[in-house]
Amino acid sequence: MTGRPVVLALKEIWFTYPGRSLPVLQDISLTLPEGTWLSVVGGNGSGKSTLGKLCAGLLVPQRGAVRLPLRTEWLSSNPLDTMVGATVEEEVAFNLLHTGCRMAERALQARVTESLREVGLSGDFLKKDLLKLSGGERQLVALASALVTRPQLLILDEPVSMLDEGSRATVLSVITRLVKELKVGLLHLTHDIAEAAGADMAVVVHKGRLLACGPPGTVFAASHVLQAAGLEPL
Ligand SMILES: Nc1ncnc2c1ncn2[C@@H]1O[C@H](COP(=O)(O)OP(=O)(O)OP(=O)(O)O)[C@@H](O)[C@H]1O
Ligand SMILES: [Mg+2]
C-alpha cells in the first residue's frame, strides 16, 4: 500500500472453528503498513472479530501465513469488559506495568499523565472513578491504556458502536490523529461504513471473504459491493 514498514501481513489465510465444517475466513490476504488505518467493514457474522483475533495472535489459521508484530493491543466496544483498575490512573498504569515495564512512582505517574494528554484528557482525570466517566471518556482512557505500551498494532473492534454521535466523532478524531503521530498500524473492525470513512484503506468482508479493497471513497461508492455485503450505504 505504501513504502512504509509493514506491521501486519496475512497471506491466503483460511480459518475454521474447531468442530465446525465450514470456514469462517476464506483466502484472506492483507497488509498493514505502520501509521496506516485499515477498516474492515462487514455485517453481522461476516468474520470481522475472528479476523481481528487472528491478527492479535489469539487464533491460528489452518492455512496461509501470518506475520504479526511483537506488540498488539485490542479494544472492544465496551472497555469495562477488560478494565481492571478502579481509577483512570490505576487502569493506565496497570497496562504499562503489565508489559514488564518497571519505573519509579513519579516517573510512572508522569508517563500515565502524558498518555492521557495524548488522547486529549487532562491530569484531572487521574483519580477519577472509571465507572463515573461517560462512555466516550472511558473509551479514551482505554485508548490511553492501549497506547501507553507503544504497540505496533492496535485492533479496534467496533470501538464507537456504543457511543452517542458526539462522542463517536471525538473518539474517531483522536484515533485518526494518534495513528499518524505514533505511527501505529490500526486494524479497525466495524459494520458501519460511516465510521470507516476516515480510514486510509478499507476492505469489505462478507461470509468470510474479502469482496473489495481500496480507498474508502472508492470502495463505498461501489453500490453492488455494499449490496452484496448487506451494508447500509452512506
Ligand atoms: N468461538 C466460536 N466458535 C464457533 N463459531 C464461532 C465462534 N465465534 C464466532 N463464530 C462464528 O463465526 C462467524 C463469524 O463470527 P465473527 O464474530 O467473527 O463475526 P463478526 O463479523 O465479528 O460479527 P458481529 O458483527 O456480530 O460482531 C459467525 O458465524 C459466528 O457464529
Ligand atoms: Mg464482531
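None of these values were measured; they are calculated from a predicted model. (Residues numbered from 1 in each chain as written. Chains lettered and ligands numbered in written order. Predicted model: local features only at pLDDT ≥ 70, side-chain atom pairs only at ≥ 80, totals over all residues.)

Overview of the environment of G166
- Along the polypeptide, G166 turns up in helix α5 (residues 165–182).
- Residue G166 is classed as exposed on the basis of its C-beta count, with 10 C-beta atoms lying within 10 Å.
- For the pair G166 and G136, spaced 30 residues apart in the sequence, the C-alpha separation amounts to 8.7 Å. (Helix = DSSP H or I, 4+ residues; strand = E, 2+ residues; numbered from the N terminus. Buried ≥ 20, exposed ≤ 12 C-beta atoms within 10 Å, placed from the backbone.)

What about helix α4 (residues 135–147)?
- Here α4 contains 13 residues, and its C-alpha end-to-end distance of 18 Å stays within 8% of the 18 Å for a straight helix at 1.5 Å per residue.
- With eleven of 13 residues buried, α4 lies mostly within the body of the structure.
- Regarding α4, the residues found buried are E137, R138, Q139, L140, V141, A142, L143, A144, S145, A146 and L147.
- On its buried face, α4 is in contact with β5 (72–75), α2 (88–98), α3 (105–118), β6 (153–157) and α5. (Expected span 1.5 Å × (residues − 1). Contact = placed C-beta atoms within 7 Å.)

Examining the sheet that holds β5
- Spatial ordering of the open sheet is given by β5-β6-β7-β3-β8-β9, a layout of six strands whose pairing is mixed. Of all strands in the sheet, those bounded by a partner on one side alone are β5 and β9 (209–214). On average, each strand axis in the sheet is tilted by 15° relative to the strand beside it, whichever way the strands run.
- In this structure, strand β8 (residues 201–206) lies alongside β9, joined through five bridges in antiparallel fashion. (Pairing = 2+ DSSP bridges. Axes fitted to C-alpha atoms, helices over the stretch in contact; angles between N-to-C directions.)

Examining the domain arrangement of the protein
- Each domain of the protein was delimited in the assignment, giving domain 1 (1–47 + 55–71 + 152–162 + 184–234) and domain 2 (78–150).
- Each of domain 1 and domain 2 was reduced to a C-alpha centroid, and the two centroids are 28 Å apart.
- The residue inventory of the side of domain 1 that touches domain 2, partitioned by class, reads three nonpolar, no polar and one charged. (Domains from an automatic or database assignment. Nonpolar A, V, L, I, M, F, W, Y, C, P; charged D, E, K, R; others polar.)

Comments concerning the sheet that holds strand β4 (residues 63–67)
- Here three strands make up an open sheet; going across it, the order is β2-β1-β4 and the pairing antiparallel. Each edge of the open sheet carries a strand with a single partner, namely β2 (25–33) and β4. Going across the sheet, the axis of each strand differs from the next one's by a mean of 10°, ignoring polarity.
- Of the strands in this sheet, β1 (6–15), β2 and β4 are in contact with helix α1 (residues 48–55), which crosses β1 at around 125°.

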